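Structural features, examined
Okay, here's what each chain looks like letter by letter:
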Amino acid sequence: MSLSVTRGLDMAVAGSWQPPRPCEDYRAEWELCRSARHILHHYYVHGEQPDCRQWLRDLASCREWEESRSPEAQRSLCESEQTRVQAAQKHSLVWTLRQRPPADWNLPLPQERDK
């Protein structure tokens, strides 16, 4: 178990832990994932239909946490959000970032030089 998940469980014992998002956000994400527009877009980009089951599991866990303060629901939400953050960070940048501007950045553009 990672440090952030452990920290979240410690906060739940103290009574101050809240889900990373309101339950309404999980419901909205699940409904968006199931929308025709999203399904068509996802199929066009990835060649397969989106898997919306994780949003539904997160919604169920959030509601379970609100109703019974279940440690399993809390653990599930923490791990799901952590997985989501890691997936977003695994993609590398398309462009290489410059440390400083090019030496000739202030020279006139080629079409301006021809005039």
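Below, the structure is looked at part by part. (Residues numbered from 1 in each chain as written. Predicted model: local features only at pLDDT ≥ 70, side-chain atom pairs only at ≥ 80, totals over all residues. Heavy atoms only, no water.)

1. Quick word on the side chain of E81
Position of E81 relative to the elements: it lies in helix α5 (residues 71–89). There is a polar contact of 3.0 Å between the side chain of E81 and the side chain of R21. Not counting residues within four places of it along the chain, the set of residues in contact with E81 comprises P20, R21 and Y26. (Helix = DSSP H or I, 4+ residues; strand = E, 2+ residues; numbered from the N terminus. Polar contact = N/O pair within 3.5 Å; in protein donor to acceptor, adjacent residues only side chain to side chain. Contact = heavy atoms within 4.5 Å.)

2. Focus on helix α4 (residues 53–68)
Compared with the 22 Å implied by 1.5 Å per residue over 16 residues, the 22 Å span of α4 between its first and last C-alpha is a close match. All of the buried residues along α4 are W55, D58, L59, S61, C62 and W65. One face of α4 carries all of its buried residues, which in axial projection span an arc of 165 degrees. Across α4 from its buried face, at more than 90 degrees, point the exposed residues R53 and E67. Once α4 ends, the next one or two residues include R69, with phi positive near 55 degrees. (Expected span 1.5 Å × (residues − 1). Buried < 20%, exposed > 50% of the residue type's maximum accessible area, 1.4 Å probe, protein only. Arc of directions from axis to C-beta.)

3. Observations regarding the pattern of salt bridges
Per the stated rule, a full pass over the model turns up seven salt bridges. In this structure, the salt-bridge partner of R21 is E81, at a minimum N-O distance of 3.0 Å. Here the residue R21 occupies a position in the loop between α1 (3–14) and α2 (23–34), and E81 occupies one in helix α5, the gap between them amounting to 60 residues. On the basis of relative accessible area, E81 is assigned to the buried category, the value being 12%. Across the pair R84 and D58 runs a salt bridge whose closest N-O atoms are separated by 2.6 Å. Separated by 26 residues along the polypeptide, R84 in helix α5 and D58 in helix α4 bring together distant segments of the chain. A cluster of three or more residues bridged by salt bridges with shared partners is formed by R21, E29, D58, E81 and R84. (Salt bridge = Lys/Arg side-chain N within 4 Å of Asp/Glu carboxyl O.)

4. Thoughts on the nonpolar core
In this structure, W17, C23, Y26, C33, C52, W55, L59, C62, W65, A73, L77 and C78 together form the largest nonpolar core, which totals 12 residues. Listing elements by their share of this core, those giving two or more residues are α2, α4 and α5. Counting residues per element, this core draws most heavily on α4, at four residues. (Core = buried A, V, L, I, M, F, W, Y, C linked by side-chain atoms within 4.5 Å.)

5. With respect to the packing of aromatic side chains
According to the stated counting rule, one finds one aromatic pair in the structure shown. Between the aromatic rings of Y26 and W55, the centroid separation amounts to 6.4 Å while the plane-to-plane angle is 45 degrees, which identifies the pairing as tilted. Here Y26 is found in helix α2, whereas its partner W55 is found in helix α4, with 29 residues between them in sequence. The same class applies to Y26 and to W55, which are both buried. The side chain of R34 reaches across the aromatic face of W30, ending 4.3 Å from its centre. Positioned above the aromatic ring of W55, the side-chain terminus of R84 is 3.9 Å from the ring centre. (Phe/Tyr/Trp six-rings, centres within 6.5 Å; stacked < 30°, edge-to-face > 60°. Lys NZ or Arg CZ within 6 Å of the ring centre and 35° of its normal.)

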